[in-house]
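Read off the chains here:
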Amino acid sequence: MKRRTLSILLAMVFLTAVTMGSGPGIHLINPDPSDPLAVFTIWGLPKIYVWGLWWYMVQLGAILVAYFKLWKDDA
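Rules used in this analysis
Residues numbered from 1 in each chain as written. Predicted model: local features only at pLDDT ≥ 70, side-chain atom pairs only at ≥ 80, totals over all residues. Heavy atoms only, no water. Helix = DSSP H or I, 4+ residues; strand = E, 2+ residues; numbered from the N terminus. Expected span 1.5 Å × (residues − 1). Buried < 20%, exposed > 50% of the residue type's maximum accessible area, 1.4 Å probe, protein only. Arc of directions from axis to C-beta. Contact = heavy atoms within 4.5 Å. Phe/Tyr/Trp six-rings, centres within 6.5 Å; stacked < 30°, edge-to-face > 60°. Lys, Arg positive; Asp, Glu negative; His and termini not counted. Salt bridge = Lys/Arg side-chain N within 4 Å of Asp/Glu carboxyl O. Polar contact = N/O pair within 3.5 Å; in protein donor to acceptor, adjacent residues only side chain to side chain.

Here we take up helix H1 (residues 3-22). Think of an α-helix as 3.6 residues a turn; residues three or four steps apart then line up on the same face. End to end, H1 covers 28 Å across 20 residues, agreeing with the expected 28 Å (1.5 Å per residue, within 8%). Considered for burial, the residues of H1 that qualify are Leu6, Leu10, Ala17 and Gly21. The buried residues of H1 occupy one face: seen down the axis, they fall within an arc of 30 degrees. Opposite the buried face of H1, by more than 90 degrees, sit the exposed residues Arg4, Met12 and Leu15. Buried-residue contacts for H1 involve helix H2 (26-29) and helix H3 (47-69).

If you trace the backbone, isoleucine 29 turns up in helix H2. The contacts of isoleucine 29, once residues within four sequence positions are left out, are Lys47 and Trp51.

A separate point is the packing of aromatic side chains. Applying the stated criterion to the full structure yields three aromatic pairs. Centroid distance tryptophan 54 to tryptophan 55: 6.4 Å. Interplanar angle 65 degrees. Geometry classified as edge-to-face. On the numbers, 4.9 Å between centres and 80 degrees between planes, the contact of tyrosine 67 with phenylalanine 68 is edge-to-face. Residue classification places tyrosine 67 among the partly exposed positions, given a relative accessible area of 47%. An aromatic cluster is built from Trp51, Trp54 and Trp55, whose rings are joined through pairwise contacts.

What follows is about the side chain of lysine 47. Note on placement: lysine 47 falls in helix H3. For the buried lysine 47, which has no salt bridge, the nearest side chain bearing the opposite charge is aspartate 35, at an N-O separation of 8.7 Å. Among the polar contacts listed, one links the side chain of lysine 47 to the backbone oxygen of valine 39, at a separation of 3.4 Å.

In this structure, tryptophan 43 takes a positive phi of about 55 degrees despite not being glycine. Assignment of secondary structure puts tryptophan 43 in the loop between strand S1 (41-42) and strand S2 (45-46). Tryptophan 43 gets classed as exposed once you look at its relative accessible area, which sits at 77%.

Here you go:
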């Protein structure tokens with residue numbers, strides 16, 4: 001994969017993760033408090049925390065791929 005293509009792909013993944021993790025993406029996972037059947041936890045943690053942690057891991061993955069594949073000193 002060319003460096004330019006990988007750069008664009010990583011930028012898109014990172015921006016999507018930023019948007020979904022702490023932006024409007026929270027509304028997708030946050031349960032309705034008035035719903036009696038709503039599930040508020042996953043693995044003993046609040047759903048919203050797991051959602052945020054997942055997207056932070058996606059961001060970290062994009063940064064690590066960029067570090068090892070793109071940010072090289074070609075000298």
